[in-house]
Amino acid sequence: MSQALMPLYARAQIEVERGEGVWLEARDGRRFLDCVAGIATCSLGHAHPGLVAALTAQAHKLWHVSNIFRIPGQEELAEKLTGATFADLVYFANSGTEAVEAALKTARRYHFAKGNPERIDVIGFAGSFHGRTYAAINASGNPTYLEGFGPRLPGFHQMSVDDLPALAEAIARPTTAAVIVEPVQGEGGARALSGEFLLELRRLTREHGVLLIHDEVQSGMGRTGKLFAHQWFPGAEPDIMAIAKALGGGFPIGACLASAEAASGMVTGVHGTTFGGNPLAMAVGLAVFDVIAQDAALAHVGAMSDRFYSGFAALAARYPDQIVETRGKGLLMGLKLHANNREVMALAREHGLLVAGGGENCVRMLPSLLITAEEVDEALSRLDATLADARARGWGQVDAASAVAA
């Protein structure tokens, strides 16, 4: 491995060479069924022909211009996004964490513009992940990501999703500006928040004039079987939403969506980007949207999710010494394990299956939204082999009666 790279990643020893659909091929010829998909990013799989065509056509015309000019692709994609959501306005960035930064700035700027500059507090939740920029790590509050980067930014607080009375008290404070929440916590362990919680959060924030931010960077763009996860619960829609990942199908893109009221403080000059919304990203984003937003595509996600969860239930019954519980929503899936999740991830690679890690000792499976039934079955078969291997190695917490029954 090159010594010229900052050692920021515990990289698996796979030199990826090419991909097609849900399959990745390494330089040494090994093939892997990819249930990581760039961490829920390659929404249409690898080398999707429609995305290749869109990117190639745009690359022959124009790559980049400044946002001081009109970029037609931005206007077209913004119209599609606002037409499909609560939002009136869109700001394009390059990544999920940039979209989160824009969302946080939009919320604080709203209160400033309304004559309430004291309203800066942002409430986040334990187990959340909003990206790696400075405000984003403060919004999440994970000590691992904060350590060594100086003092914490003021005005960021974390609550528990399981303590509604404390949350209600915090929202009612006169200095509270916004609440930021993931409808499905991804990095936190594929934890799907209930509709009751999301609706009550919406009620409380509206009652106290607090803006509600949804981070749908991982759960958005069809991942749960709806275009956005909060759409499972009518009335839960936020004031501001950060999206990215699947919107670009593997190409860097992020977006902050907002109602006209929530974005009323975002006037000329208060925020901006050099590369965000560039013509290449917009061409790909439009192609992705036109595939994922189709009813048939969303129904397919639901069907493949049901197939996965049926398989997980069978595996949980067969391997109670390995699987604690299954989690998630749609094709944002998690398995909480007894054995160390990182060791199981490495073992899965030996069986040709790529899975991601997650909080609370989970492994996550985040495949292409276009995965076929046959590929789902193959993924489950390889997961079965992985769990059998883990058991053979003595991993996990074996209950004698369950082990005999299995």
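Residues numbered from 1 in each chain as written. Predicted model: local features only at pLDDT ≥ 70, side-chain atom pairs only at ≥ 80, totals over all residues. Heavy atoms only, no water.

Trainee: Hey, could you run me through the pairing of strand 1 (residues 16–20) in this one?
Mentor: Every regular strand shows the same layout, with side chains that alternate between the two sheet faces. Judged from the four bridges that link them, strand 1 and strand 2 (residues 23–26) form a sheet pairing that is antiparallel. The residue of strand 2 that forms the bridge with Arg18 is Glu25. Count of turn residues in the strand 1/strand 2 antiparallel hairpin: two residues, of which Gly21 carries a positive phi of about 60 degrees. (Pairing = 2+ DSSP bridges. Helix = DSSP H or I, 4+ residues; strand = E, 2+ residues; numbered from the N terminus.)

Trainee: Please explain the side chain of Asp215 as it appears in this structure.
Mentor: With respect to the element layout, Asp215 can be found in strand 10 (residues 211–215). An unpaired buried charge is present at Asp215: no salt bridge exists, and Lys245, the closest side chain of opposite charge, is 8.9 Å distant. Within the structure, Asp215 has its side chain in polar contact with the side chain of His130 (distance 2.7 Å). Within the local environment of Asp215, its side chain forms a polar contact with the backbone nitrogen of Val217, the two atoms lying 3.0 Å apart. Once residues within four sequence positions are removed from consideration, Asp215 is found in contact with Val100, Phe129, His130, Val181, Glu182, Pro183 and Ala242. (Buried < 20%, exposed > 50% of the residue type's maximum accessible area, 1.4 Å probe, protein only. Lys, Arg positive; Asp, Glu negative; His and termini not counted. Salt bridge = Lys/Arg side-chain N within 4 Å of Asp/Glu carboxyl O. Polar contact = N/O pair within 3.5 Å; in protein donor to acceptor, adjacent residues only side chain to side chain. Contact = heavy atoms within 4.5 Å.)

Trainee: Looking at this model, I keep getting lost on the sheet that holds strand 2. Mind explaining?
Mentor: Each strand in a sheet pairs with its neighbour through backbone hydrogen bonds, running either in the same direction (parallel) or in the opposite one (antiparallel). Ordered in space as 1-2-3-15, the four strands form an open sheet in which the pairing is mixed. Two strands close off the open sheet at either side, each with one partner strand: strand 1 and strand 15 (353–354). Relative to strand 15, strand 3 (residues 31–34) runs parallel, the two being bridged by two bridges. Bridge assignment links Asp34 to a residue of strand 15, and that residue is Leu354. Running over the sheet, helix 12 (residues 373–392) touches strand 2, strand 3 and strand 15 and is turned about 110 degrees from strand 3. (Axes fitted to C-alpha atoms, helices over the stretch in contact; angles between N-to-C directions.)

Trainee: In this structure, what is going on with the packing of helix 10 (residues 295–318) against helix 12? I would like to understand it.
Mentor: Angle between the axes and distance between the axes are the two parameters that describe a pair of packed helices. As a packed pair, helix 10 and helix 12 sit with axes 10 Å apart at the nearest point and diverge in direction by 20 degrees. Classed by the angle they form, the pair helix 10 and helix 12 counts as roughly parallel. Between helix 10 and helix 12 the crossing geometry is right-handed. Across the interface between the two elements, Met304, Arg307, Phe308, Gly311, Phe312, Leu315 and Arg318 of helix 10 pack against Ala373, Val376, Asp377, Ala379, Leu380, Leu383, Asp384, Leu387 and Arg391 of helix 12. When the residues that make up the contact of helix 10 with helix 12 are grouped by side-chain class, the tally is ten nonpolar, one polar and five charged. (Parallel < 35°, antiparallel > 145°, perpendicular 65-115°, else oblique. Left-handed = near helix turned anticlockwise from the far one by under 90°. Nonpolar A, V, L, I, M, F, W, Y, C, P; charged D, E, K, R; others polar.)

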